[in-house]
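# Tertiary structure, described
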Amino acid sequence: MLFLRGLGNLAPGEAVLYSHWITTLTFLEKGIPYEAIQEFTTDQINIILAVILAKQERENEEEARRYR
């Protein structure tokens, strides 16, 4: 992931802003309306991200099994 290079060189404020927008864009890509995203609590964001990552991991494992 080329866009993540140099991420450690960001100032703390920039890192928070980057994290906010990468999360927002991820949710938008998954079809979650922007208005709903704005209302999410931190706990809800963490749960949704965990579900998205778990689903992606399962899909990757299934794909890997197909190509063995």
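Presented here is an overview of the structure given in this document.

Parameters and conventions
- Residues numbered from 1 in each chain as written.
- Predicted model: local features only at pLDDT ≥ 70, side-chain atom pairs only at ≥ 80, totals over all residues.
- Heavy atoms only, no water.
- Helix = DSSP H or I, 4+ residues; strand = E, 2+ residues; numbered from the N terminus.
- Buried < 20%, exposed > 50% of the residue type's maximum accessible area, 1.4 Å probe, protein only.
- Areas by Shrake-Rupley, 256 points an atom, 1.4 Å probe, with all protein chains shown as cover.
- Expected span 1.5 Å × (residues − 1).
- Contact = heavy atoms within 4.5 Å.
- Polar contact = N/O pair within 3.5 Å; in protein donor to acceptor, adjacent residues only side chain to side chain.
- Phe/Tyr/Trp six-rings, centres within 6.5 Å; stacked < 30°, edge-to-face > 60°.
- Axes fitted to C-alpha atoms, helices over the stretch in contact; angles between N-to-C directions.
- Parallel < 35°, antiparallel > 145°, perpendicular 65-115°, else oblique.
- Left-handed = near helix turned anticlockwise from the far one by under 90°.
- Nonpolar A, V, L, I, M, F, W, Y, C, P; charged D, E, K, R; others polar.

### Points about the overall build of the protein
A count of helical and extended segments in the protein gives 3 helices and 0 strands. Along its sequence from the N terminus, the protein presents helices and strands in the succession α-α-α. When burial is assessed residue by residue, the protein has 9% of its 68 residues classed as buried. Of the roughly 5,900 Å² that the protein leaves accessible, carbon and sulfur atoms contribute 58%.

### Some words on helix 1 (residues 12-29)
When the terminal C-alpha atoms of helix 1 are compared, their 26 Å separation across 18 residues agrees well with the 26 Å that a helix rising 1.5 Å per residue should span. Summarising the contacts, the buried residues of helix 1 are in contact with helix 2 (34-39) and helix 3 (42-66). Gly31 lies just past helix 1 and shows a positive phi near 90°.

### Some details on the side chain of Thr24
Topologically, Thr24 is positioned in helix 1. Residue Thr24 is classed as buried on the basis of its relative accessible area, which comes to 3%. A polar contact of 2.9 Å, which involves the side chain of Thr24, links it to the backbone oxygen of His20. Among residues more than four places away in sequence, those in contact with Thr24 are Tyr34 and Ile37.

### Concerning the packing of aromatic side chains
For the coordinates displayed, the defined rule picks out 1 aromatic pair. Both rings, one in Phe27 and one in Phe40, keep their centres 5.8 Å apart while their planes meet at 80°; by these two values the pair is edge-to-face. Highlighted residues: Phe27 in helix 1 and Phe40 in the loop between helix 2 and helix 3, separated in sequence by 13 residues. The partly exposed category is assigned to Phe40, whose relative accessible area is 22%.

### So, the packing of helix 1 against helix 3
What describes two packed helices is the angle between their axes and the distance between those same axes. Packing of helix 1 against helix 3 brings their axes to within 11 Å, and their N-to-C directions diverge by 60°. The angle between the axes of helix 1 and helix 3 places the two elements in the oblique class. For the pair helix 1 and helix 3, the sense of crossing is left-handed. Contacts between helix 1 and helix 3 involve Thr23, Thr26 and Phe27 from the first element and Ile45, Ile48, Leu49 and Ile52 from the second. Class assignment of the residues belonging to the contact of helix 1 with helix 3 gives a composition of 5 nonpolar, 2 polar and no charged.

Purely geometric numbers; function is a separate question.
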